[in-house]
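# Geometric and topological summary
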Amino acid sequence: MTRDDVEIITRTERYTGFLKIEEYRLRHRLFAGGWSPPLSRELMERGHAVAAALYDPVRERLVLVEQFRIGAHAAGETPWMFECVAGMRKAHEDPVEVVRREVKEETGLDVLAIEHACRTMASPGGTSECCDVFLAKVDSRHAGGIHGLAHEGEDIRVVAEDFDDAFASFFDGRRLGSAFTLIALQALALNRARLRALWLKETGT
């Protein structure tokens, strides 16, 4: 099946704010043959994103950001979440450059090396958002403090933690993890030995 196997009947804008909600009337081809009846699907549009796991291979530390999330609050969870650095990108922007900018804004650190891990969707049943996930090398010696852009309402606390303990905290119930954070951390865990050897060699450590 491809995009050609979908027929958009109507597309109606229902709400526009920081997020945009659209209603689609559509039909699509069926695996058994023929076409579905007309279906109604609501879709949240918010653009596309990047996310990056920040790793210091010299000190074996993971740099995370902590900030308020209304979705976690509405779900009955602790609304201050520990996450990887992430941000929205415009269609014309290079994802790598967006990562470098977001890391600087949210942590004050520079990206010393970077590798693309994967591309994923947040929740394709209800939003068109795609996210490019990266693994980035940083120097965590000066990680900490409060960062973010005041005019965007950002209040971001930066922490640098032992990689093994920080990674485990998302899978043993101590922390609630966002989807992009968990994907980025799992990608880092799978590539950690290789990246540590590569990045230490590049710096002569």
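Up top you'll find the structure we're talking about.
Residues numbered from 1 in each chain as written. Predicted model: local features only at pLDDT ≥ 70, side-chain atom pairs only at ≥ 80, totals over all residues. Heavy atoms only, no water.

## A word on the pattern of salt bridges
All chains considered together, the criterion is met by 24 salt bridges. Of the charged contacts, one joins Arg194 and Glu115 as a salt bridge, the two residues approaching to 2.5 Å between their closest N and O atoms. With a gap of 79 residues between them, Arg194 in helix 4 (residues 179-203) and Glu115 in strand 8 (residues 113-121) connect regions that are remote in the sequence. Residue classification places Arg194 among the partly exposed positions, given a relative accessible area of 41%. (Salt bridge = Lys/Arg side-chain N within 4 Å of Asp/Glu carboxyl O. Helix = DSSP H or I, 4+ residues; strand = E, 2+ residues; numbered from the N terminus. Buried < 20%, exposed > 50% of the residue type's maximum accessible area, 1.4 Å probe, protein only.)

## Comments concerning the pairing of strand 9 (residues 130-137)
Buried residues dominate strand 9, accounting for 8 of its 8 residues. The alternating pattern of strand 9 places Cys130, Asp132, Phe134 and Ala136 and Cys131, Val133, Leu135 and Lys137 on opposite faces, both of which are buried. As paired elements, strand 4 (residues 48-56) and strand 9 share 7 bridges and run parallel to each other. Across the sheet, Tyr55 pairs through a bridge with Lys137, a residue of strand 9. (Pairing = 2+ DSSP bridges.)

## What to know about the sheet that holds strand 2 (residues 20-28)
Taken in spatial order, the 3 strands of this open sheet run 1-2-3, and their pairing is antiparallel. Because the sheet does not close on itself, it has two edges, and the strands there are strand 1 (6-16) and strand 3 (39-45). Shown here is a sheet whose adjacent strand axes are inclined to one another by a mean of 25°, direction ignored. The sheet contact formed by strand 2 and strand 3 spans 7 bridges and is antiparallel. The residue bridging Glu22 from the neighbouring strand is Leu43, located in strand 3. (Axes fitted to C-alpha atoms, helices over the stretch in contact; angles between N-to-C directions.)

## Description of the environment of Thr107
Examined against the element boundaries, Thr107 turns out to sit in helix 2 (residues 95-107). For the pair Thr107 and Val85, spaced 22 residues apart in sequence, the C-alpha to C-alpha distance is 8.2 Å. Those residues in contact with Thr107 that lie beyond four places of it in its chain are Leu54, Val63, Val65, Val85, His147 and Val158. Here the side chain of Thr107 touches Val103 through a polar contact of 2.6 Å, landing on its backbone oxygen. Polar contacts involving the side chain of Thr107 include one to the main-chain amide nitrogen of Leu109, which spans 3.1 Å. (Contact = heavy atoms within 4.5 Å. Polar contact = N/O pair within 3.5 Å; in protein donor to acceptor, adjacent residues only side chain to side chain.)

## Description of helix 2
For helix 2, spanning 13 residues, the distance from its first C-alpha to its last is 18 Å, which sits close to the expected 18 Å at 1.5 Å a residue. Within helix 2, burial applies to Pro95, Val98, Val99, Glu102, Val103, Glu106 and Thr107. Buried residues of helix 2 fall within an arc of 135° about the axis and therefore sit on the same side. In the stretch just after helix 2, Gly108 is the one whose phi turns positive, near 80°. (Expected span 1.5 Å × (residues − 1). Arc of directions from axis to C-beta.)

## Let's talk about the side chain of Thr120
Checked against the element boundaries, Thr120 lands in strand 8. When near neighbours in sequence (up to four residues on either side) are disregarded, Thr120 contacts Glu129, Cys130, Cys131, Val133, Phe180 and Ile183.

## Notes on helix 4
Helix length check: helix 4, at 25 residues, gives a terminal C-alpha distance of 32 Å against a target of 36 Å (1.5 Å per residue), a shortfall beyond 12%. Those residues of helix 4 lying buried are Phe180, Thr181, Ala184, Leu185, Ala187, Leu188, Arg192, Leu195, Trp199 and Leu200. Those residues of helix 4 that are buried are in contact with strand 4, strand 5 (61-68), strand 6 (80-83), strand 8, strand 9 and helix 3 (163-169).

## Quick word on the nonpolar core
Ranked by internal contacts, the top residues of the largest apolar core, which has 23 residues, are Ala53, Leu62, Leu64, Cys131, Leu135, Leu185 and Leu188. Secondary-structure elements contributing two or more residues to this core are strand 4, strand 5, strand 9, helix 3 and helix 4. Leu135 has contacts with Ala53, Ala113, Ile114, Glu115, Ala117, Ala184, Ala187, Leu188, Asn191, Leu195 and Trp199, leaving out every residue within four places of it along the chain. If you look at the next biggest cluster of nonpolar residues, it comprises 16 residues, including Val63, Val65, Val138 and Ile156. (Core = buried A, V, L, I, M, F, W, Y, C linked by side-chain atoms within 4.5 Å.)

## Overview of the packing of aromatic side chains
In this description, a pair of aromatic rings is defined by centroid distance and the angle of the planes. Per the counting criterion, the structure on display carries 4 aromatic pairs. Ring centres of Tyr55 and Phe163 lie 5.8 Å apart, and the angle between their planes is 70°; this geometry places the pair in the edge-to-face category. Placement of the pair is Tyr55 in strand 4 and Phe163 in helix 3, with a sequence separation of 108 residues. Ring centres of Phe163 and Phe167 lie 5.8 Å apart, and the angle between their planes is 15°; this geometry places the pair in the stacked category. (Phe/Tyr/Trp six-rings, centres within 6.5 Å; stacked < 30°, edge-to-face > 60°.)

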